[in-house]
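Now for the letters of each chain:
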Amino acid sequence: HTHTHTRDRSERKKMDLWLVSAPGEPTPAQTRRKLTDALRESAQVLDLRIPQLKVGTLDALVQISDDLAKIDGFGEGVSHKVSQFLSDLLSGDKDKLAESLTVNGRTLETYVTRFEWDSARFNTGGFVKDVAGDISQKLSTIESELKTRMQAFNKIKSSVQALERKSTGTLLTRSLAELVKPEHFIRDSEYLITLVVVVPRPMYAEWLATYSTLTEFVVPRSSELMFEDNDYGLYSVTVFRKIEQDFKTAARDKKFTVRDFEFSQEDIQAQKAELSTLQSDLTKRALHATQWCKSAFSDAFSSWLHIKVLRVFVESVLRYGLPINFDTVVVQTHKGRSKTARKALQTLYAHLDAAAGGREVALVEVAGVGMGSDYQPYVTFTVDLAKFPV
């Protein structure tokens, strides 16, 4: 199962998926035969069934064409963001991701090549404009829930990281709770206090020779090495409370750093408890977020593809006119044969440009189809799966 996913991933990089529409010449069935023939060497031609939707006026269609282009970009963006969040949650595990980024249990490629309009989710009885509005609304809902979930997840993640950071780093900054033991400290004494001092490793001898005379009222032989890392050692020293500040100052002048630390078993327990509570909360949230992402991705990707399909329909009506007489297909190019397939289609439909005359070409320009380098004499939209981290 996983192997096929891995194979899909490498092959997908080299094949393209296009949603294509061409006018009935003279009927859609004959168009299909010509298309299949022209692409025999370079691509597979698959059915793309689009329900006959209500189109309204031509002016309205031109407006909808613009709106759909925006929703198309938005739908792709939302699908992409959900897949990125899922990738983060799965720590970029490609196989797990491939298994999770599916639509109704199908791989993305299968979903596109075997597309069926989902009439349960997207009513086909209304005007194109209403269907588009409905899909756009669904995408907005997914996007705002994604934001909320990511914020909540990242907030806990940062708290965990902040606590974890406390137990790493140098002895000058890290939390000391894990490193010291109760027997190193004199506790509950009215007069005495045990201080914790960070000493650079090359200065151990100097510390041991001088600590008891840095100020008055230092308890002799009270210094013990409690812990060391690559750069520093952590020493205890017991002094009279009344000279604590003087001792800190004298130590600082000699490059010894007294850390602000009073031993408290309660604080140490509380710190450990806080971290483990946060860690288990993070694990739980990651699990829920992963489940949510899987279903949200399925919804977002399918909504996005429905928008693409709507675009094919609207542009076809704008270009080829009414009554509806065009054939719509999914073209799946063979590995590395996309250029050949494009050439074959250009040759097959070059005559459409000549036949279009002034009026329809003008319409096409308004509808935004003729813009950019992607212009073809027939209607075509690319479904780019390479953008998804699968």
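Quick caveat: nothing in here was measured; it's all calculated off a predicted structure.

Q: How would you sum up the pairing of strand E5 (residues 232–240)? Please name residues and give values.
A: Within E5, seven of the nine residues are buried, leaving the element largely enclosed by the surrounding structure. Both strand E3 (residues 192–200) and E5 contribute to a ladder of nine bridges, which runs antiparallel. Note on E5: the bridge partner recorded for Pro200 is Tyr232. Relative to E5, strand E4 (residues 224–228) runs antiparallel, the two sharing four bridges. Looking at the pairing, Leu225 lines up with Tyr235 of E5. Count of turn residues in the E4/E5 antiparallel hairpin: three residues.

Q: Tell me about the packing of aromatic side chains, and please be specific about residues and values.
A: For the coordinates displayed, the defined rule picks out 21 aromatic pairs. Arranged with centres 6.3 Å apart and planes meeting at 65 degrees, the rings of Phe313 and Phe326 form a pair that is edge-to-face. Linking Phe313 in helix H9 (residues 265–320) with Phe326 in strand E7 (residues 326–333), this pair joins segments that are 13 residues apart in sequence. Exposure remark for Phe326: the relative accessible area of 10% places this residue in the buried category.

Q: Just give me the short version of the packing of helix H6 (residues 128–166) against H9, but keep the residues and values in it.
A: Across the interface, H6 lies against H9 with an axial gap of 9 Å and an inter-helix angle of 160 degrees. Compared by their axis directions, H6 and H9 come out roughly antiparallel. At the point where H6 passes H9, the crossing takes the left-handed sense. Partitioning the contact of H6 with H9 into residue classes produces 24 nonpolar, five polar and nine charged.

Q: So what's going on with the sheet that holds E7? Residues and values would help.
A: Each strand in a sheet pairs with another by means of backbone hydrogen bonds, the pair being arranged parallel or else antiparallel. Pairing within the open sheet is antiparallel, and its four strands lie in the order E2-E7-E1-E8. Taken across any chain shown, the strands that pair with only one partner, and hence form the sheet edges, are strand E2 (43–47) and strand E8 (379–382). Averaged over all pairs of adjacent strands, the angle between strand axes in this sheet comes to 25 degrees, irrespective of strand direction. Where E2 and E7 come together, five bridges link them in antiparallel fashion. The partner of Val45 across the bridge, within E7, is Val331. In the packing of helix H2 (residues 28–38) onto the sheet, the strands contacted are strand E1 (17–23), E2 and E7, and the crossing angle to E7 comes to about 20 degrees. H9 rests against E1, E7 and E8 of the sheet, and its axis sits at about 160 degrees to E8.

Q: An account of the packing of helix H3 (residues 58–89) against H9 is requested, with residue identities and associated values reported.
A: Relative to each other, H3 and H9 sit at 155 degrees, their axes nearing to 8 Å. In terms of orientation, H3 lies roughly antiparallel with respect to H9. As for how H3 packs across H9, the hand of that crossing is left-handed. Tallied by class, the residues present in the contact of H3 with H9 amount to 25 nonpolar, five polar and six charged.

Q: Can you tell me about the pattern of salt bridges, naming the residues and giving the values?
A: For the coordinates displayed, the defined rule picks out 15 salt bridges. Across the salt bridge formed by Arg40 and Asp37, the nearest N and O atoms sit 3.0 Å from each other. Bridged by salt links that share partners, the residues Arg32, Asp47, Arg49 and Asp327 form one connected network.

Q: Could you give an account of the side chain of Thr215, naming the residues involved and the relevant values?
A: Checked against the element boundaries, Thr215 lands in the loop between helix H7 (204–210) and E4. Those residues in contact with Thr215 that lie beyond four places of it in its chain are Ile243, Asp246, Phe247 and Ala250.

Q: Account for the sheet that holds E3, with residues named and values stated.
A: Read from one edge of the open sheet, four strands run E4-E5-E3-E6, paired in antiparallel fashion. At either margin of the open sheet sits one strand with a lone partner, and together these are E4 and strand E6 (257–259). Each neighbouring strand pair of the sheet contributes to a mean axis angle of 35 degrees, computed without reference to strand direction. Set on the sheet, helix H8 (residues 244–253) makes contact with E3, E5 and E6; between it and E3 the angle comes to about 10 degrees.

Conventions we followed
Residue indices follow the written sequence of each chain, beginning from 1 at its first position. Given that the model is predicted, a residue must reach a pLDDT of at least 70 before its local features are reported, and side-chain atom pairs must reach 80 or more before they are shown or counted; all residues, however, enter totals for whole chains, interfaces and linings. As a rule here, side-chain values come from all non-hydrogen atoms in the structure, and water together with hydrogens is ignored. Throughout, exposure labels follow a simple rule: accessible area from a 1.4 Å probe, protein chains only, divided by the maximum for the residue type, with under 20% read as buried, over 50% as exposed, and the rest as partly exposed. Helix numbering and strand numbering both begin at the N terminus, where a helix is a DSSP run of H or I of at least 4 residues and a strand a DSSP run of E of at least 2. Any two strands between which DSSP finds at least two bridges are classified as paired. Between 30 and 60 degrees the pair is tilted, below 30 it is stacked and above 60 it is edge-to-face, where a pair is any two Phe, Tyr or Trp rings, Trp via its six-membered ring, whose centres lie within 6.5 Å. Helix axes use the C-alpha atoms of the stretch in contact, all axes being lines fitted to C-alpha atoms, and the angles between their N-to-C directions lie in the range 0 to 180 degrees. Angle categories: roughly parallel below 35 degrees, roughly antiparallel above 145, roughly perpendicular from 65 to 115, and oblique for all the rest. Crossings are assigned a handedness: left-handed for a near helix turned anticlockwise from the far helix by less than a right angle, right-handed for a clockwise turn. Three classes are used, and their members are as follows: Ala, Val, Leu, Ile, Met, Phe, Trp, Tyr, Cys and Pro are nonpolar, Asp, Glu, Lys and Arg are charged, and the others, Gly among them, are polar. Here, residues are in contact when the closest pair of their heavy atoms is within 4.5 Å. When a carboxyl oxygen of Asp or Glu lies within 4 Å of a side-chain nitrogen of Lys or Arg, that pair is called a salt bridge.

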